[in-house]
Amino acid sequence: MDDYRAELTDAFRAGLVARYPAASEARLTRRARQITSLTVAGLLLARINRDEAVATLRTAIDQIHEWDLDA
């Protein structure tokens, strides 16, 4: 699971670099970790509580939209 988490974080970070090229390294790393955490939580919740899994993944999307407003 840790290898998957690391790979997912790297992929999200690459996307964030493309979307927010002026962001600091620390900010990009923190944001990638946040999106990864919400994604992994959503995947784990999917087996036990579908509605909460969807809500958790939507939170990740909402967070990105908020970052867009701050950019």
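Refer to the structure printed above.
Attention here is on the structure that accompanies the text. This one's a predicted model, so the numbers in the text were calculated from it and none came from an experiment.

Rules used throughout
Residues numbered from 1 in each chain as written. Predicted model: local features only at pLDDT ≥ 70, side-chain atom pairs only at ≥ 80, totals over all residues. Heavy atoms only, no water. Helix = DSSP H or I, 4+ residues; strand = E, 2+ residues; numbered from the N terminus. Buried < 20%, exposed > 50% of the residue type's maximum accessible area, 1.4 Å probe, protein only. Contact = heavy atoms within 4.5 Å. Areas by Shrake-Rupley, 256 points an atom, 1.4 Å probe, with all protein chains shown as cover. Lys, Arg positive; Asp, Glu negative; His and termini not counted. Charge placed at Lys NZ, Arg CZ, Asp CG, Glu CD. Phe/Tyr/Trp six-rings, centres within 6.5 Å; stacked < 30°, edge-to-face > 60°. Lys NZ or Arg CZ within 6 Å of the ring centre and 35° of its normal. Core = buried A, V, L, I, M, F, W, Y, C linked by side-chain atoms within 4.5 Å. Expected span 1.5 Å × (residues − 1). Arc of directions from axis to C-beta. Axes fitted to C-alpha atoms, helices over the stretch in contact; angles between N-to-C directions. Parallel < 35°, antiparallel > 145°, perpendicular 65-115°, else oblique. Left-handed = near helix turned anticlockwise from the far one by under 90°. Nonpolar A, V, L, I, M, F, W, Y, C, P; charged D, E, K, R; others polar.

Overview of the overall build of the chain
Here is step 1 of the chain: For the chain, the count of helices and strands is three helices and zero strands.
Here is step 2 of the chain: Helices (α) and strands (β) of the chain occur, in sequence order from the N terminus, as α-α-α.
Here is step 3 of the chain: Expressed as a percentage of its 71 residues, the buried residues of the chain come to 25%.
Here is step 4 of the chain: For the chain, restricting intrachain contacts to residue pairs at least 6 apart in sequence, the fraction spanning at least 24 positions comes to 46%.
Here is step 5 of the chain: In the form shown here, the chain has an accessible surface area of approximately 5,100 Å², with 54% of it arising from carbon and sulfur atoms.
Here is step 6 of the chain: Once the 10 positive and 11 negative side-chain charges of the chain are each reduced to a mean point, those two points are 1 Å apart.

Digging into the packing of aromatic side chains
Each aromatic ring pair is characterised by the separation of its centres together with the angle its planes make.
Here is step 1 of the chain: For the structure on display, the rule yields zero aromatic pairs.
Here is step 2 of the chain: Here R31 stacks its cationic end above the ring of Y20, 5.2 Å away from the centre of that ring.

Examining the nonpolar core
Here is step 1 of the chain: Ranked by size, the top nonpolar core spans eight residues in total: L16, Y20, A23, L28, A32, I35, A60 and W67.
Here is step 2 of the chain: Elements represented by at least two residues in this core include exactly α2 (25-45) and α3 (50-70).
Here is step 3 of the chain: With three residues, α2 is the largest single contributor of residues to this core.

Structural notes on helix α1 (residues 2-19)
Here is step 1 of the chain: With 18 residues, α1 should reach 26 Å at 1.5 Å per residue; the first-to-last C-alpha distance of 25 Å fits that figure.
Here is step 2 of the chain: Within α1, the full set of buried residues consists of L8, T9, R13 and L16. Viewed end-on, α1 has its buried residues packed into an arc of 140°, placing them on one side of the element. For α1, exposure combined with an orientation more than 90 degrees from the buried face picks out D3, E7, D10 and A18.

Here's the deal with the packing of α2 against α3
Here is step 1 of the chain: The N-to-C vectors of α2 and α3 enclose an angle of 165°; their axes lie 7 Å apart at closest approach. As the angle between them shows, α2 and α3 are arranged roughly antiparallel. Along this stretch, α2 crosses α3, giving a crossing that reads as left-handed. Judged by residue contacts, R31, Q34, I35, L38, T39, A41, G42 and L45 of α2 engage R50, E52, A53, T56, L57, T59, A60, I64 and W67 from α3.
Here is step 2 of the chain: Each residue belonging to the contact of α2 with α3 can be placed in one class, and the counts come to nine nonpolar, five polar and three charged.

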